[in-house]
Amino acid sequence: KRITSKKENVDAYLMLADIYMNENDISQAIKYLERSLDIKRTKDALIMLGDIYYDELGDEKYVRFYEEALELGADDVKVILRLADHYYLREDYEKARELYLKLSGDVESNYYVIRNLGIIYFKLSEYNEAVEWLEKARSIKSFDTDLLFYLGRSYEALGNYSEAEVCYSALIRVNQHGEAVIHLADIYVKQGRLSDALSLLESYVRSAPDDPKMWYRLAQIYNALDMTDSAISALERVISLDEYHRD
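Described in the following lines is the structure provided in the data block. All values derive from a computational prediction rather than experimental measurement. (Residues numbered from 1 in each chain as written. Predicted model: local features only at pLDDT ≥ 70, side-chain atom pairs only at ≥ 80, totals over all residues. Heavy atoms only, no water.)

Side note on the overall build of the chain
- Each helix and strand in the chain was counted, giving 14 helices and zero strands.
- Reading the chain from its N terminus to its C terminus gives the helix and strand order α-α-α-α-α-α-α-α-α-α-α-α-α-α.
- Viewed in the frame of its principal axes, the chain has a C-alpha envelope of about 95 × 45 × 25 Å.
- Sorting the 247 residues of the chain into buried and exposed places 43% on the buried side.
- Just so you have it, the chain exposes about 13600 Å², and 47% of that area is on carbon and sulfur atoms.
- The averaged location of the 46 negative side-chain charges in the chain is 6 Å from the averaged location of its 31 positive side-chain charges. (Helix = DSSP H or I, 4+ residues; strand = E, 2+ residues; numbered from the N terminus. Buried < 20%, exposed > 50% of the residue type's maximum accessible area, 1.4 Å probe, protein only. Areas by Shrake-Rupley, 256 points an atom, 1.4 Å probe, with all protein chains shown as cover. Lys, Arg positive; Asp, Glu negative; His and termini not counted. Charge placed at Lys NZ, Arg CZ, Asp CG, Glu CD.)

Regarding the packing of aromatic side chains
- Following the criterion strictly, the structure yields 11 aromatic pairs and no others.
- When the centroid spacing of 5.6 Å and the interplanar angle of 70° are considered together, the rings of Tyr-62 and Tyr-66 count as edge-to-face. Of this pair, Tyr-62 and Tyr-66 are both found in helix α4 (residues 62-71), four residues apart, which corresponds to roughly one turn of the helix.
- Overall, the relative accessible area of 9% leaves Tyr-62 in the buried class.
- Between Phe-149 and Tyr-168 the ring centres are 6.4 Å apart and the planes differ by 50°, which places this aromatic pair in the tilted class. Remark: Tyr-168 occurs in helix α10 (residues 161-175) and Phe-149 occurs in helix α9 (residues 145-157); sequence separation between them is 19 residues. The exposure classification of Phe-149 matches that of Tyr-168, with both residues buried.
- A cation over a ring is seen here: Lys-136 above Trp-133, with NZ or CZ 4.3 Å from the ring centre. (Phe/Tyr/Trp six-rings, centres within 6.5 Å; stacked < 30°, edge-to-face > 60°. Lys NZ or Arg CZ within 6 Å of the ring centre and 35° of its normal.)

Side note on the side chain of Asp-144
- Tracing the sequence through the fold places Asp-144 in the loop between α8 (127-140) and α9.
- Classification of Asp-144 as buried rests on a relative accessible area of 10%.
- At 3.2 Å, the side chain of Asp-144 and the side chain of Arg-115 are in polar contact.
- Within the structure, the side chain of Asp-144 is placed 3.0 Å from the backbone nitrogen of Leu-147, a separation counted as a polar contact.
- Here Asp-144 is in contact with Tyr-111 and Arg-115, once residues within four sequence places are set aside. (Polar contact = N/O pair within 3.5 Å; in protein donor to acceptor, adjacent residues only side chain to side chain. Contact = heavy atoms within 4.5 Å.)

Some thoughts on the nonpolar core
- By size, the foremost hydrophobic cluster in this structure holds 82 residues, and its most contacted members are Leu-83 and Tyr-100.
- The element best represented in this core is helix α7 (residues 111-123), accounting for eight residues. (Core = buried A, V, L, I, M, F, W, Y, C linked by side-chain atoms within 4.5 Å.)

Digging into the side chain of Asp-85
- Summarising the element assignment, Asp-85 is placed in helix α5 (residues 77-89).
- Separated by 3.0 Å, the side chains of Asp-85 and Tyr-112 make a polar contact.
- For Asp-85, the contacting residues outside a window of four places in its chain are Tyr-100, Tyr-112 and Asn-116.

A look at helix α6 (residues 93-101)
- Within α6, the full set of buried residues consists of Tyr-93, Ala-96, Arg-97, Leu-99 and Tyr-100. Taken end-on, α6 shows its buried residues confined to a sector of 170°, consistent with a single buried face.
- Of the surrounding secondary structure, the elements contacted by the buried residues of α6 are α4, α5 and α7. (Arc of directions from axis to C-beta.)

What to know about α5
- End to end, α5 covers 18 Å across 13 residues, agreeing with the expected 18 Å (1.5 Å per residue, within 8%).
- Burial analysis of α5 places 10 of its 13 residues in the buried class, which makes it a mostly covered element.
- When α5 is considered as a whole, its buried residues turn out to be Val-79, Ile-80, Leu-81, Arg-82, Leu-83, Ala-84, Asp-85, His-86, Tyr-87 and Tyr-88.
- Considering only its buried residues, α5 is in contact with α3 (43-56), α4, α6 and α7. (Expected span 1.5 Å × (residues − 1).)

Considerations on the packing of helix α1 (residues 6-22) against helix α2 (residues 26-39)
- One can describe the packing of α1 onto α2 by two numbers: an axis separation of 8 Å at closest approach and a directional angle of 165°. On the basis of their axis angle, the class for α1 and α2 is roughly antiparallel. Seen along the crossing, α1 lies across α2 with a hand that is left-handed. For the pair α1 and α2, the contacting residues are Lys-6, Asn-9, Val-10, Tyr-13, Leu-14, Leu-16, Ala-17, Tyr-20 and Met-21 in the first and Ile-26, Gln-28, Ala-29, Tyr-32, Leu-33, Arg-35, Ser-36 and Ile-39 in the second.
- Residue composition of the contact of α1 with α2, by class: 12 nonpolar, three polar and two charged. (Axes fitted to C-alpha atoms, helices over the stretch in contact; angles between N-to-C directions. Parallel < 35°, antiparallel > 145°, perpendicular 65-115°, else oblique. Left-handed = near helix turned anticlockwise from the far one by under 90°. Nonpolar A, V, L, I, M, F, W, Y, C, P; charged D, E, K, R; others polar.)

Quick look at the structure:
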């Protein structure tokens, strides 16, 4: 005759798992959580297992446990954030966006989520939405390298070169951001401001003389300005740096 119900067994296994977790006996905790799931797939057990694989073992098995917990209706913010970050880092931007947006009200005060949503919209070529989210993030934290770079890229994609210049210039002032230099130089060229592009690139190669991309861009500007000897010297520098890195 059964003296316990399935629910009591599930609860007992969960309690044992919790006790073993407190004792730092991870293998025993996993064993009892798996026994619990063999009886019934519950959100609590799935999240606990996901937490163990994420926090204790650094194993991506956490993804399938968290995903199943969400399918069963879990609304744990930690779980949603971890899954969103997982897909964001793996460049699955559609899934990452869906998960970040699940945070609804929490999004409004979470700088990290707001910024990542802006970057996701840029990656998905939805530039107006990218600007909206990234500007919202900038209202919370005015300087962040990724924020300013992707905000500049979004404005540039929309043809708003003045705002893009503001973003790129802020990055360059603080840390000589190489990609920002390239994009700002390209904007100057599009606007016919070749002397500004020249000054920008010459300044950069003085502080970072081993960047072949910058020397090539500089050679293009020299050539456009009919500075033939300087263009040749810059291109020879590109070739020598390329051979150096190959060796």
